[in-house]
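Spelled out from the first residue to the last, the chains are:
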Amino acid sequence: MKANLAGMEWEVCGPAPGALRTSRITINLGERRASLTEDAYNAAGKPDAVVLLYSAEHKTIGLRPVPASDPMSVLLSHSKGRTTGHQLSSGGLVRRMKSDGYTGSISVPLQWHPDGLLWGDLTMATKFQRKSQAKGGVV
């Protein structure tokens, strides 16, 4: 897309797909934990629980809000010491993702789907390695 400003023609450079300002889920495969951004939590209707969904064929994940009484539900908890973010145990999802070769930690942009779920395209995921803090100090 082009824009004309200040007498010059500019190429408009939007954010990278899945930029951090969007609804996201970050999955730490080593710890089998996931974290939802506040935007994702709000987009899902502030649920107490979700069902985690995975499609290896389509390289997508999904989170469907459900009542906490649903036998397949995973409860969401608020991050300790933080004002935003919601944590969930994701062992079943992680097992399936690891079997397909996913490692480390990944951050996946999510969007609301008319079928009533947050879904994310794993091909748009950002992969990163968390660095553990040094223990002790400089010797």
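For the structure itself, look to the data block above.
Residues numbered from 1 in each chain as written. Predicted model: local features only at pLDDT ≥ 70, side-chain atom pairs only at ≥ 80, totals over all residues. Heavy atoms only, no water.

This part covers the overall build of the protein. If you tally the helices and strands in the protein, you get two helices and 13 strands. Across the 139 residues of the protein, 35% fall into the buried class. A fraction of 54% describes how many contacts in the protein between residues 6 or more apart in sequence connect residues 24 or more apart. For the protein, the accessible area works out to roughly 9,200 Å², and carbon and sulfur atoms hold 54% of it. (Helix = DSSP H or I, 4+ residues; strand = E, 2+ residues; numbered from the N terminus. Buried < 20%, exposed > 50% of the residue type's maximum accessible area, 1.4 Å probe, protein only. Contact = heavy atoms within 4.5 Å. Areas by Shrake-Rupley, 256 points an atom, 1.4 Å probe, with all protein chains shown as cover.)

Turning our eyes to something else, we now look at the nonpolar core. Counting 22 residues, the largest nonpolar core has Ile 25, Ile 27, Leu 36, Leu 63, Leu 88 and Met 97 as the members making the most contacts within it. In terms of residue count, helix H2 (residues 91-99) provides more of this core than any other element does, three residues in total. Beyond its immediate sequence surroundings of up to four residues, Ile 25 is in contact with Ala 34, Ser 35, Leu 36, Ile 61, Leu 63, Ile 106, Ser 107, Val 108 and Leu 110. (Core = buried A, V, L, I, M, F, W, Y, C linked by side-chain atoms within 4.5 Å.)

As a further point, take the pattern of salt bridges. Where charged atoms from two side chains of opposite charge come close, those side chains can pair. Taken as a whole and judged by the stated rule, the model has two salt bridges. In this structure, Lys 2 and Glu 9 form a salt bridge, with 3.9 Å as the shortest nitrogen-oxygen distance. Here Lys 2 falls in the exposed class, since its relative accessible area comes to 52%. For Glu 9, a relative accessible area of 55% translates into the label exposed. (Salt bridge = Lys/Arg side-chain N within 4 Å of Asp/Glu carboxyl O.)

Our next topic: the sheet that holds strand S13 (residues 126-128). Reading across the sheet, the six strands line up as S8-S9-S4-S3-S10-S13 and stay open at both edges, with antiparallel pairing between neighbours. Of all strands in the sheet, those with a lone pairing partner are strand S8 (77-78) and S13, marking the two edges. Where strand S3 (residues 24-28) lies against strand S4 (residues 33-36), four bridges are found, and the strand directions are antiparallel. Bridging across to S4, Ile 25 finds its partner in Leu 36. (Pairing = 2+ DSSP bridges.)

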